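# Per-entry structural report
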Amino acid sequence: MWVLLVGSEGFRRFVPGKCCRDQLYFQGGLAVEDQDVVVVVVVAAAAVPLDRLEVLDADKYENDPELEKIRKERNYSWMDIITICKDKLPNYEEKIKMFYEEHLHLDDEIRYILDGSGYFDVRDKEDKWVRISMEKGDMITLPAGIYHRFTLDEKNYVKAMRLFVGDPVWTPYNRPADHLEARGQYVQFLAQTA
Ligand SMILES: [Fe+2]
């Protein structure tokens, strides 16, 4: 399975598309608004070797040296496991609605899918939705300040590891939240990757 290895420098999809200059390009999901298949806008600032993209085994997350390595390198000191399905998540309906509200955070949102599947939707440079399909073995880091939302797919089940640098803060800031410093920094970063 594929893994994403980025933080504040951007997000990357797990299916490799093509390599160009110093950046990796990844095939994205569907642009929700126009239903065309699109290539995810590349917001990566540095290349990650392809052999680093296929390292995680979700079946051995409890004792996976590769996961440990990523956590150490990126200082993901905190973690827990969340199961999102009707029977296991208290206030399920309310939470699902909240996850699907377009929002941002002041910190990176890091998820490692251990079982099941779901979708992260993120805004591209043109402010269009890009849908990222996440399944077992995928890890994603959504940088602080990016507008996004999450939903389950038809299986209505996902089990995910939540990782965080330091003590976790989950506060979502629903759009519009352009006045926040994290948003400003992210927009600035996007402009630099033009
Ligand atoms: Fe979020």
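Here the structure is a predicted model, which is why all the values come from computation and not from measurement. (Residues numbered from 1 in each chain as written. Predicted model: local features only at pLDDT ≥ 70, side-chain atom pairs only at ≥ 80, totals over all residues.)

Our next topic: the UniProt feature "binding site: Fe(2+)" (unreviewed entry) in the protein. Here, UniProt's "binding site: Fe(2+)" (unreviewed entry) annotation points to His-103, His-105, Glu-109 and His-148. Over a stretch of 46 residues, the named residues converge on one spot in the fold, their C-alpha atoms separated by at most 11.5 Å. On the secondary structure map, His-103 appears in strand β5 (residues 103–104). Looking at His-103, the number of C-beta atoms within 10 Å reads 19, which means it is partly exposed. In this fold, Glu-109 is placed in strand β6 (residues 109–123). (UniProt positions renumbered as here; feature names shortened; annotations may be inferred. Helix = DSSP H or I, 4+ residues; strand = E, 2+ residues; numbered from the N terminus. Buried ≥ 20, exposed ≤ 12 C-beta atoms within 10 Å, placed from the backbone.)

Before going further, it helps to examine the pairing of strand β7 (residues 129–135). Along β7, the buried face is formed by Val-130, Ile-132 and Met-134; none of Trp-129, Arg-131, Ser-133 and Glu-135, which line the opposite face, is buried. Direction of pairing for β6 relative to β7: antiparallel, over a ladder of seven bridges. Its bridge partner being in β7, Phe-120 is matched across the sheet by Ile-132. In this antiparallel pair of consecutive strands, β6 and β7, the connection spans five residues, and Asp-127 shows a positive phi of 70°. (Pairing = 2+ DSSP bridges.)

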